[in-house]
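Letter by letter, the chains look like this.
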Number of protein chains: 2
Amino acid sequence: MKIAIDAMGGDNAPEAVIIGSIQARDEYNLGIILSGKEIEIKRILEKNTSNFNNIELINAEDIISNDDKPVLAIRRKKDSSMVKALYAVKEGKADAIVSAGSTGALLSGGTLLVGRIKGIERPAIGSLIPCIAGGFCLLIDSGANVDSKPEFLYDFAIMGDIYLKRVMNISSPRIALANIGTESSKGNKLTVETYELLKNSHLDLNFTGNIEARDILKGEADIVVCDGFTGNMILKTMEGTVQELMNGLKAEIMAGMRSKIGGVLIKPALKNFKRKFDYSEHGGAPLLGVKAPVIKAHGSSNAKAIKNAIRQAKICCESNVNELIEQSIMRR
Amino acid sequence: MKIAIDAMGGDNAPEAVIIGSIQARDEYNLGIILSGKEIEIKRILEKNTSNFNNIELINAEDIISNDDKPVLAIRRKKDSSMVKALYAVKEGKADAIVSAGSTGALLSGGTLLVGRIKGIERPAIGSLIPCIAGGFCLLIDSGANVDSKPEFLYDFAIMGDIYLKRVMNISSPRIALANIGTESSKGNKLTVETYELLKNSHLDLNFTGNIEARDILKGEADIVVCDGFTGNMILKTMEGTVQELMNGLKAEIMAGMRSKIGGVLIKPALKNFKRKFDYSEHGGAPLLGVKAPVIKAHGSSNAKAIKNAIRQAKICCESNVNELIEQSIMRR
């Protein structure tokens, strides 16, 4: 198995990406294809390993940044590390791709170059949200499709279900629909119609009904289905709230001598607590609905996060997630 | 001035509602009309005051609960405390209404009985979100209109602007549109079209562009405009995240002896920190776009929160918020 890696994508690229890729090769016994500036990649490789087996390079002089318009970047930046890595998948030289670069570009590139699975109109991004009490929840779509139809959301549920069953080993994932209330009649036009599709599905889906946004982090569902606009709002509200709360708490604790001492004493507990949210443990966000595994690693990924994202791509390949999605979509 | 109060609405009704109403009467020198079970109200009044001036009672034997379907409840529960308080406003016996009861019912009742301002198609709920670094942000619509058009969102901005200028004394409120990115081209169909309306408005609106959900709590905008579905998602995600984070942090601190001692030391700081989020300081959520001030107090309101919500209703009346909204809507 060979995984193509966008060596230049992400805040800590190329160093962290390359180190994580070497670690993945060693731990998971797979081939890696590093796409990016060859001279730079070679220099970092030589610094970090003396074994060059199972490492291939694709030279790409350009880089797609977060400021580039996604579709344009994919079409025009043909010599970018991301586009060349995507072509490696398209041409069958690689089985999957991992990138910590622009989410929008990877989404467009995955859809345009790797290609949609037959029957899937809209691929979607699934984000694993760590729940505080343990476990996690797959939020799908977390940003790909800002304007969605009920049929898209139904497909998101099907894809998320297969992903959790196969990649995360959850036997019967609880699927919930993000909504403003738990009653079946609640919601906007999109969610009311999606509810009916999910409720009446003849597929083996464990649909548990609507979930309110306040209950998502409680771990009441394994999969939360929504349109990409809503998913983005949920994800970024969580991010902002955690950040502001932790900053505010810190400032308050540092404001007095007594609490400052208390702050020193709770520091290890705080560190432990923060580890629970550590995205690097969970790998990246899969782009589901395309013909090969496409994994978006977090922009600020360190080597460990990259290694885990590559592991995730490997499991996707081994468990035939994409073939299973195609089969389910044909039966829906 | 007379404010009608739904004495039976809210988790702590009627006791906390009545005590808060007495306090408001005494502090703000206004008349209160308490709607609810007369015998019960009288009993509580007698326990808490010996001065019955400026207090009127409306007997209402029924109560609208959160389980009632809003529109049906307003139409059928004619003898409920909320409907009778709304009629007091409709008939000109009261200048405004405060209720800590069902949000949906108050929204329907406000729209059906108090009536929409001419030119306003959809009244909206504005929720004041306390920002951690200080200040607050008005999230409008926070749940009334789950299916919205760009024109509705434009009106929400106009109404929020007048509310903050007149009631909260903010001279030029920064208005932002909740969106998935800050660039003007970002968003779904609704937000892209709303952006254009806000940008090209000839009214005196301080439109600062799009805001991502992660930046709302940072206090980067005074008003965040969105459809009611999105507003509900943002508000409840914040609520759930704060709750889970505080619970998780507490559990982690209590898990070890060292951090337990630290926990005792930071307790006053934590209490201080929590006070910053205290909704009871900020009064309730105004239903904007109806002909008289309708204030939804938090369901778990204590006496102080009720008192502040009544104060807010009083300021709305004094500052002619509703007339000013009507004038702006005519000029838009």
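Notes on the structure in this doc start here. (Residues numbered from 1 in each chain as written. Chains lettered and ligands numbered in written order. Predicted model: local features only at pLDDT ≥ 70, side-chain atom pairs only at ≥ 80, totals over all residues. Heavy atoms only, no water.)

Focus: the pairing of strand β6 (residues 136-140) of chain A
All names here are of chain A.
(1) Moving on: Most of β6 sits inside the fold, with 5 of its 5 residues counted as buried.
(2) Moving on: The alternating pattern of β6 places Phe136, Leu138 and Ile140 on one face and Cys137 and Leu139 on the opposite face, and all of these are buried.
(3) Moving on: For strand β5 (residues 124-130) and β6, the ladder comprises 5 bridges, and the chain directions are antiparallel. Bridging from a neighbouring strand, Leu128 pairs with Leu138 of β6. (Buried < 20%, exposed > 50% of the residue type's maximum accessible area, 1.4 Å probe, protein only. Helix = DSSP H or I, 4+ residues; strand = E, 2+ residues; numbered from the N terminus. Pairing = 2+ DSSP bridges.)

Topic: the sheet that holds strand β10 (residues 285-288) of chain A
Residues and elements named next belong to chain A.
(1) Moving on: Spatially, the 11 strands line up as an open sheet ordered β3-β2-β1-β4-β11-β10-β5-β6-β9-β7-β8, and their pairing is mixed. Lying at the two open borders of the sheet, with one neighbouring strand each, are β3 (55-59) and β8 (206-211). Sheet twist, expressed as the average angle between the axes of neighbouring strands with direction ignored, equals 25 degrees.
(2) Moving on: Sitting on the sheet, helix α2 (residues 38-48) is in contact with β2 (31-36) and β3, with an inclination near 155 degrees to β3. (Axes fitted to C-alpha atoms, helices over the stretch in contact; angles between N-to-C directions. Contact = heavy atoms within 4.5 Å.)

A few points about the pairing of strand β1 (residues 2-6) of chain B
All names here are of chain B.
(1) Moving on: The buried fraction of β1 is high, at 4 of 5 residues.
(2) Moving on: By the bridge criterion, 5 bridges tie β1 to strand β2 (residues 31-36) in an arrangement that is parallel. Following the sheet pairing, Ala4 is matched in β2 by Ile33.
(3) Moving on: Tracing the backbone out of β1, into helix α1 (residues 15-28) and back to the parallel element β2 gives a crossover that is right-handed.
(4) Moving on: Relative to strand β4 (residues 96-99), β1 runs parallel, the two sharing 3 bridges. Paired with Ile5 across the two strands is Val98, which belongs to β4. (Right-handed = clockwise from strand over helix to strand, strands pointing away.)

Quick look at the relation of the copies chain B and chain A
(1) Moving on: With an RMSD of 0.0 Å, the fit of chain B onto chain A corresponds to turning through 180 degrees and sliding 0.0 Å along the axis. In short, the pair behaves as if placed about a two-fold rotation axis. In terms of C-alpha distance to the rotation axis, chain B has B:Gly262 as its closest residue, with the C-alpha 1.8 Å off the axis.
(2) Moving on: The overlap is high: 100% of the interface residues of chain B also sit at the interface in chain A, so the same surface is used on both sides. (Least-squares fit on C-alpha atoms with pLDDT ≥ 70 in both.)

Quick look at the environment of B:Ile32
All names here are of chain B.
(1) Moving on: With respect to the helices, strands and loops of the structure, Ile32 is situated in strand β2.
(2) Moving on: By relative accessible area, Ile32 is classed as buried at 1%.
(3) Moving on: In contact with Ile32, not counting residues within four places along its chain, are Ile3, Ile5, Ser21, Ile22, Arg25, Asn54, Ile55 and Glu56.

Observations concerning the pattern of salt bridges
Residue and element names in this part refer to chain A.
(1) Moving on: On inspection of all chains with the given rule, the structure shows 36 salt bridges over all chains.
(2) Moving on: Among the ionic pairs, Lys47 bridges to Glu15, the shortest N-O distance being 3.4 Å. In this pair, Lys47 is assigned in helix α2 and Glu15 in helix α1 (residues 15-28), connecting sequence segments 32 residues apart.
(3) Moving on: As a salt-bridge pair, Lys189 and Glu193 come within 3.2 Å of each other at their nearest N and O atoms. (Salt bridge = Lys/Arg side-chain N within 4 Å of Asp/Glu carboxyl O.)

Examining the sheet that holds strand β9 (residues 223-225) of chain B
All names here are of chain B.
(1) Moving on: Overall, mixed pairing links the 11 strands, which are arranged β3-β2-β1-β4-β11-β10-β5-β6-β9-β7-β8 in an open sheet. Edge positions in the open sheet fall to β3 (55-59) and β8 (206-212), since each of these has one partner strand only. Pairs of neighbouring strands in the sheet enclose a mean axial angle of 25 degrees, with direction left out of account.

Some details on the environment of B:Leu72
Residues and elements named next belong to chain B.
(1) Moving on: Residue placement: Leu72 occurs in helix α3 (residues 70-76).
(2) Moving on: Look at Leu72 and you get partly exposed, because its relative accessible area is 39%.
(3) Moving on: Spatially, the C-alpha atoms of Leu72 and Leu205 are 37 Å apart, while their sequence positions differ by 133 residues.

With respect to the packing of aromatic side chains
Residue and element names in this part refer to chain A.
(1) Moving on: Tallied over the entire structure, the rule returns 2 aromatic pairs over all chains.
(2) Moving on: With 5.2 Å between their ring centres and 75 degrees between their planes, Tyr195 and Phe207 make a pair best called edge-to-face. With Tyr195 in helix α7 (residues 189-199) and Phe207 in strand β8, the pair connects residues that are 12 residues apart, well separated along the chain. The pair Tyr195 / Phe207 is uniform in exposure class, with both members buried. (Phe/Tyr/Trp six-rings, centres within 6.5 Å; stacked < 30°, edge-to-face > 60°.)

Considering the interface of chain B and chain A
(1) Moving on: On the chain A side, the residues contacting the 52 residues of chain B number 52 residues.
(2) Moving on: A buried area of about 4800 Å², summed over both sides, lies between chain B and chain A, and 69% of it is on carbon and sulfur atoms.
(3) Moving on: Linking chain B with chain A are 4 salt bridges.
(4) Moving on: As a salt-bridge pair, B:Arg214 and A:Glu239 come within 2.9 Å of each other at their nearest N and O atoms.
(5) Moving on: At the boundary of chain B and chain A, one finds 16 residue pairs in polar contact (both at pLDDT 80 or more).
(6) Moving on: In terms of residue count, helix α8 (residues 228-254) of chain B provides more of the side of chain B that touches chain A than any other element does, 20 residues in total.
(7) Moving on: For the side of chain B that touches chain A, a count of residues per class yields 24 nonpolar, 16 polar and 12 charged. (Buried area = accessible area lost by both parts, 1.4 Å probe. Polar contact = N/O pair within 3.5 Å; in protein donor to acceptor, adjacent residues only side chain to side chain. Nonpolar A, V, L, I, M, F, W, Y, C, P; charged D, E, K, R; others polar.)

Coordinates in, geometry out; function isn't part of it.
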